[in-house]
Amino acid sequence: MNKVFTDGLSFALPLLIMAIGALYSEKSGVTNLAVEGFQGVGAFFGALAATLLSPLIGPGNQVVIYIAIVCAALGGALFSCLHGLLCIRFRANQVISGVVINILSVALTAFFTSAANTAISGSASNRFVLDVSTRFSVPLLSQIPWIGGLFTDMYPFEIIIAVLAAVMWYLMNRTRFGMRLRACGENPQAVDAAGASVTRIRWIAVIISGALSGIGGICFAYSLLGNFSPSIYQGFGYLAIAAMIFGNWKIGATTLACLFFGLAKSGGLQLCIAAQLSSSYTDLFLMLPYILTLLLLVFFSKKNHPPKAAGEPWDKSKR
Amino acid sequence: MRKRRLLFSRLLTGQYASLWVSVLAILMMFVTAGILLLAIGKDPLTALRSFLQGCGMIPKENYGGGSGMLTDLLDFLNYLAPMALASLAFITAFKAGLFNIGIAGQMLLSGFVATVLIGYNKGLSDAAAKPLVLLTGFVVGGLTGALIGYLKYRFNIHEVVSTIMLNYMISYITGFFINKNFVDMMTRNSTVCTPASRLTLTNVMIGGMKCKIPLALIVAILVALLVSFLFRKTVPGFEIKAVGQNRRCSEYIGIRVSRTILLSMGLSGAIAGLAGVAYYLGYTNSIVPKALPGMGYDSISVALLGSASPIGSLFAAVIVSIFQQGANYMSSSVGVAKEIASLITGILLLFASCGNYMKYSAERRIQQAADILPDQNAAPGTKEREDKGVEKQ
């Protein structure tokens, strides 16, 4: 039972930070289906940094993980500029641009991973093996019955993500920048009339989105997978987008949706182990989050209120 | 210089604008890929030549026994058939303003069902099995596509999200059944289907060379002509295009939007189903469990490069297939990782998606030239600056 909560939380939090990334971009009026690509490329940069640095710092040193997270955020931000360029500057169709980014990111990371591995170790492997992140339990909280599992065997990055999520909530809902950003997604003309630059706000939002998604990606690489390989593209980005849609483009509700996904995933897996089914049945249980996504979308999509101007390129001369 | 640039702008806004946009995208792709290859210390021209050699368009230095240029060329056509079909599937949905990202999943599901139902049925003759395979692919793919269309108009679920979810579900569930019931212990793939059901005739001897005859290519060309006819000459085709351009306006003039979305998505899925059987019961004859065909995503590049025209995408499919099919030979002869094929396709997609912007900026350039021409001496400074700005874009 405890394992369900522990694993569920370590899956939900990277998902949450990616969902918040998507949310920032969409709230500013740029439809973002590129989260999947951002998280992959972010994780690539993080894993590359970790692979290059770990011989210098020494194996098993946990500092590498924090550096990797920073590099992943920077890498994701850098790659998200491509989405910004296509959507904001070149006024391309934002859905197409998202799909283009996702396809390109798979190819880019696959190619450069094997190129980098050839340069570093001489073998053209398509994965970076990462150190294992240490885990810790919060002393008192982990003793609480029932929900104690949430606080046992935590990854350090879970704390980082939780703090970051809170900061991002504050930035979105309590600051002048956040208000303008939300206005950009509803009525960009009003923002323009008020004297702020719609283009600039959207650029910042897309870059934030890339950075947060990158962090989500490297956290998955460190926790769930233990390496960086093409298996990072498992549709986590799309799950994050689905979570954002249930959350009705609000950070609080999105958090709940992510927790739900995480618990559904780990619960399904534990159920499979508890029922002592053979390993081939795990595939069926791995389907669970995707089926739940689709079912929940059936119930929640109708009533939703997406940002009004999302998907439209900003045109000053339009009303 | 200025005149030449204006000439190109005219091409980008003229009658064959879409064609020139594609040509420009391909040129830019060659330049980018060339720079990339130079950066990792390989000769781009040698790489290009070996791509073409791998597809049987230029003779290789030496061939193994019983194979030749024709073998490679027919292998290439064998790959081209599902690719062309998959891109036609994308186009059919794209015209209605829908993005069928689930082509990969639809291909896998229909390939799997056709393999299990027909491919493992040893009693069927050639003449019965092949049409049945096509029919199964068409129906299974069509139902999957229609489901996505239904979710779209009934529950307002974005088709990109629902197709991706379906992709993963299909990949897991077919993987589960293959691993449980149909796995070949040697290859870890599904057991091979009967030759009678396969859409490719294997081991045909032509001039002493062992060749494969891709029957699916005929299907692909027929479907391309039919889709072209659908959008040019028929009422449903017009309605699909109208819905794609302005959903509200179509509703207002009395087009039943829900039915049109269902139709275009169902048709798109059905063609993807044909692509699936052409891939899994033609190009290959077994299924790798839990792997979605990359072709499902490459077909998006093909469709966008062909500016969503059925006939144009046939030609675009040739270009993308050259890189995908030639990658193995290129990789072994030049020594670049074969992932570069996907990278090149991605770059091509990137430039093709800027097509509208190219047209838009060309229009603006012509407009500016027309504005400036009457008084050349008015303000040379501003003219120069605007010019540079446009060039950067």
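Residues numbered from 1 in each chain as written. Chains lettered and ligands numbered in written order. Predicted model: local features only at pLDDT ≥ 70, side-chain atom pairs only at ≥ 80, totals over all residues.

Draft legend 1. Local environment of the overall build of chain A. Broken down by element type, chain A carries twelve helices and two strands. The helix and strand sequence of chain A, counted from the amino end, reads α-α-α-α-β-α-α-α-α-β-α-α-α-α. For 319 residues, the compact-globule estimate of 2.2 N^0.38 gives 20 Å, and the C-alpha radius of gyration of chain A, at 20 Å, lies within 12% of that figure. With the principal axes as the frame, chain A shows a C-alpha extent of 60 × 50 × 35 Å. Counting across all 319 residues of chain A, residues that qualify as buried make up 53%. Counted over contacts in chain A with a minimum sequence separation of 6, partners at least 24 positions apart contribute 77%. (Helix = DSSP H or I, 4+ residues; strand = E, 2+ residues; numbered from the N terminus. Rg over C-alpha atoms; globule rule 2.2 N^0.38 Å. Buried ≥ 20, exposed ≤ 12 C-beta atoms within 10 Å, placed from the backbone. Contact = placed C-beta atoms within 7 Å.)

Draft legend 2. Main features of the overall build of chain B. Secondary structure assignment for chain B yields 16 helices and two strands. Expected size for 393 residues packed as a compact globule is a radius of gyration near 21 Å; at 23 Å, chain B falls within 12% of this value. The principal-axis extent of the C-alpha atoms belonging to chain B is close to 85 × 60 × 35 Å. A buried classification covers 48% of the 393 residues belonging to chain B. Look at the contacts in chain B between residues 6 or more apart in sequence, and 77% of them connect residues 24 or more apart.

Draft legend 3. Layout of the packing of helix 2 (residues 17–39) of chain B against helix 15 (residues 355–372) of chain B. Residues and elements named next belong to chain B. Contact pair helix 2 / helix 15: the axes reach a minimum separation of 10 Å and the direction vectors enclose 115°. Between helix 2 and helix 15, the crossing angle belongs to the class labelled roughly perpendicular. Crossing geometry of helix 2 relative to helix 15 is assigned as right-handed. For the pair helix 2 and helix 15, contact is made by Ala 17, Val 21, Leu 24 and Ala 25 and by Gly 355, Met 358 and Lys 359, respectively. Grouping the amino acids of the contact of helix 2 with helix 15 by side-chain chemistry returns five nonpolar, one polar and one charged. (Axes fitted to C-alpha atoms, helices over the stretch in contact; angles between N-to-C directions. Parallel < 35°, antiparallel > 145°, perpendicular 65-115°, else oblique. Left-handed = near helix turned anticlockwise from the far one by under 90°. Nonpolar A, V, L, I, M, F, W, Y, C, P; charged D, E, K, R; others polar.)

Draft legend 4. Structural view of the interface of chain A and chain B. Contact residues are listed per partner, giving 37 residues for chain A and 34 residues for chain B. Residue assignment for the side of chain A that touches chain B shows that the elements contributing at least two residues are helix 4 (94–120), helix 9 (236–246), helix 11 (282–286) and helix 12 (288–300) of chain A. Top element by residues in the side of chain A that touches chain B is helix 4 of chain A. It accounts for 14 residues. Tallied by class, the residues present in the side of chain A that touches chain B amount to 28 nonpolar, six polar and three charged.

Draft legend 5. The environment of Ser258(B), seen in detail. Counting through the fold element by element, Ser258(B) comes out in helix 11 (residues 257–283). Along the primary structure Ser258(B) and Lys152(B) are separated by 106 residues, whereas in three dimensions their C-alpha atoms are 8.9 Å apart.

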